[in-house]
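# Residue-level structure breakdown
Chain by chain, the residues run as shown.
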Amino acid sequence: MGKYKIQVFTGTALGAGTSNKIYMTLIGSISNSGPHKLKTLTAFWPGSRQTFTVESESNIGELLLVEVEPRPRSLLPHIDDDWFCTKIIVTTPEGVNVLFPCYCWMGRDEKLFLRHSIAMLKTKDTVPQLLAHRQENLKKRRQEFKWSVYAPGLPHTVLAKSPHELPAEVRFSFTREKEFQFTSGAAFMKLKLENPLNGTWNSFEAIKEILSEKPETYEYVENNWMTDEFFAYQFLNGLNPMIIKRCSKLPEKFPVTNEMVKSFLPDTSTLESEMKKGNIFICDYERLRDIEGNVISNQKQYLAAPLCLLFSTQGKLMPIAIQLNQQPGPGNPIFLPSDSENDWLLAKIFVRNAEFNEHELNFHLLRAHLMGEVFTVATMRNLPSCHPLYKLLIPHTRYNLQINILARSLLISEDGYFPKFTAIGNKSMTTFLKRAASSLTYSSLCIPDNIKERGLETIPNYFYRDDGLELWDIIYKFVSGFVSHYYKDQDVKDDNELHSWLTEIRENGFLERSEAGFPKSFGTVKELVKFITMVIFTVSAQHAAVNSGQFEFGGFMPNFPSSLRCPPPKQKGETTMDSVLEALPDISTTINTIAVVYLLSQESADRYPLGHYPEELFSEEVPLKLIAQFKSALQDLEMKIDNRNKKLALPYTYLNPRNVDNSVAI
């Protein structure tokens, strides 16, 4: 017997409140209190905290669960009045506060059972009522979240064609949804763009006049995109810092000779000696080989599959040779900086178009968005809400499913942006994505391994590497402390829910490819820590690195053309400035691409930066302390990056923690 103080918290989002009657039952280890109506003279308003008293006539034992049931008021029986409850705090007769996280929507006549906030592995969850709740929680989620095959050979997706087919708690907030609709509808207005039916560009100056207001980085790109130094800089710190690697031996398909490039090397040096020193780097766009170009406005579009050779000297990276297709020989010359200005410029533009496809489809869509979706669906289906890893990972799944559904609908569908305004189109896009997916490995998603595999440990001024490795280490330390609090090595081996989660990620993300190097099981805490770090890094830092600069680096079309209207030149000396301009996308394609990269780069008003965990999912001292330490370490890195950037002509900001979201939310 005793009185329980009940504090009920309603979310702040528009529509979160309810006028429904709310009934609550306290369930203990011995019995329950029976349903009690929470008597209030007013509704449960958004942002409110209301306090009630529930008196139990019998001893219910240790408080385990809270049952919440909204019921319609008799005067408003037909009004759909869902309620978003964030949390409930119950103070027991002994004066102990027990937190029950909720953070979900409830409809009328829907019973919801909330469990206390103590995270628990299944092997240690011995109370029958809690085990039953755990099983029901997963059963419900497996019905709500199902796998779907978007295309054979690609990571699987959530089974939902519309955001409204998703459970309410994983959809955009009202603020985010309205903002996204407004932004997508108003991108042209905000940028003061006009969408002509057709037309071509007659000068680069005309392209510069598209926008009257531009970010500083956008202007820097406009003013420097033609230079070899900035062209090479982007392989390290631009939109796609992922394709460059050290070249210790030239591939046979790229027969660059010392004679060709000796004038770009130190007087006494050779190409062979510079490769031995680790100063030669290569970008290979082999995945674009033999890809058929799209048709835009009844005009054929063209793609190249280039190779680009670069030389690192005196802290700078410079291009020294470009071949535009994979098969060497007549009709596929190797372009050099010493060639005519127009020949060299057009060769670089074809490389930048190859960058557009590799960046947007492989390193952005596939490796961030689609892998993030795999992690999210597997988490929802296999980890109950009381599982410590669910509590750790759920903030890093926010909005991922809805943003991907919108991408499939608006960007890569048969009538989306890619078929309408890119050279790769729809059918070739799927071919390319399958090639990219077949090259996806576990180590490529782990930045320390990836940097080592690409031989980029010492190349100077590689800020993506420097900031990314620091972020990885900070996340790793946070995850290590967290996982070690709940797991010993034997706990890792015994956690069937964890292994079901891993199995679904392997089957639906890496499609059981043994060559991907994906773990088949976890045997130690260390293995688990690395994997969880990879998941969080992928959806936060890695996504930020390839997403946030799209408008700044890609808005000026010649630096990031989505399409080219002329085939790669087959011999030198024929390119003129007019033919360069003729190769560029038409005006409509340019304008629509600017609008898209603008939209994809916009921060949300309700964004959650990395380390920001507003939902109270934990009440234990250790995880709360670890979160505080995590935030502190991120703030220290912010200051370090800020101080470095003050000395740079072009600051690298994309991996500054304040600019990194918790999840793939845009």
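Residues numbered from 1 in each chain as written. Predicted model: local features only at pLDDT ≥ 70, side-chain atom pairs only at ≥ 80, totals over all residues. Heavy atoms only, no water.

### Things to note about the pairing of strand E7 (residues 97–106)
This is how the line gets drawn: Between buried and exposed lies partly exposed: a residue is buried under 20% and exposed over 50% of the maximum accessible area for its type, with that area taken using a 1.4 Å probe on protein chains only. Only runs of H or I of at least four residues qualify as helices and only runs of E of at least two qualify as strands under DSSP, and these elements are numbered from the N terminus. For two strands to be treated as a pair, DSSP must find no fewer than two bridges joining them.
Along E7, eight of the 10 residues are buried, which leaves the element largely enclosed by surrounding structure. Relative to E7, strand E6 (residues 83–91) runs antiparallel, the two sharing eight bridges. Paired with Val 90 across the strands is Val 98, a residue of E7. Hairpin geometry of E6 and E7 is characterised by an intervening segment of five residues between the two adjacent antiparallel strands and by a positive phi of about 85° at Gly 95.

### With respect to the sheet that holds strand E4 (residues 49–56)
Test applied: Think of each axis as a best-fit line through the C-alpha atoms, taken over the contacting stretch in the case of a helix, with angles from 0 to 180 degrees between the N-to-C directions.
Taken in spatial order, the four strands make up an open sheet running E4-E1-E6-E7, and their pairing is antiparallel. Both edges of this open sheet fall to E4 and E7, since each of them pairs with a single strand only. Looking at each pair of strands side by side, their axes are set apart by 20° on average, direction ignored.

### Examining the UniProt feature "binding site: Fe cation" (unreviewed entry) in the chain
Defined as follows: UniProt positions are given in the numbering used here, feature names are shortened, and annotations may be inferred rather than shown by experiment. Working rule for contacts: check all heavy atoms of both residues, and any pair within 4.5 Å makes them a contact.
Residues annotated by UniProt as "binding site: Fe cation" (unreviewed entry) correspond here to His 364, His 369, His 543 and Ile 666. The annotated residues occupy 303 residues of the chain but converge on a single region, no pair of C-alpha atoms lying more than 11.2 Å apart. Considering the arrangement of structural elements, one finds His 364 in helix H8 (residues 341–382). Judged by its relative accessible area of 5%, His 364 is buried. Leaving out residues up to four positions away in the same chain, His 364 has contacts with His 359, His 369, His 543, Val 546, Asn 547 and Gln 550. Within the element layout of this structure, Ile 666 appears in the segment after helix H21 (621–645).

### Some thoughts on the pattern of salt bridges
Let me state the cut-off plainly: In the sections that follow, a salt bridge refers to a side-chain nitrogen of Lys or Arg positioned within 4 Å of a carboxyl oxygen of Asp or Glu.
Evaluation of the coordinates by the stated rule reveals 33 salt bridges. In this structure, Asp 125 and Arg 115 form a salt bridge, with 2.7 Å as the shortest nitrogen-oxygen distance. Here Arg 115 lies in strand E8 (residues 112–115) and Asp 125 lies in the loop between E8 and helix H1 (128–144), a separation of 10 residues in the sequence. Accessibility assignment for this pair places Asp 125 and Arg 115 in one class, buried. Notably, a salt bridge pairs Glu 222 with Lys 214, separated by 2.9 Å at the nearest N-O pair. Taking the relative accessible area as the measure of exposure, Glu 222 reaches 6% and is therefore buried. Among the ionic contacts, a cluster of salt bridges with common partners joins Arg 115, Asp 125, Arg 134 and Glu 497.

### A short note on the UniProt feature "site: Essential for stabilizing binding to COTL1" (unreviewed entry) in the chain
Feature annotation in UniProt assigns "site: Essential for stabilizing binding to COTL1" (unreviewed entry) to the following positions: Trp 105. Of note, Trp 105 is situated in strand E7.

### Focus: unusual backbone geometry
Residues other than glycine seldom take positive phi values, yet Ser 297 does so here, at roughly 50°. You can see Ser 297 is positioned in the loop between strand E13 (295–296) and strand E14 (299–300). Its relative accessible area of 45% is what places Ser 297 among the partly exposed residues.

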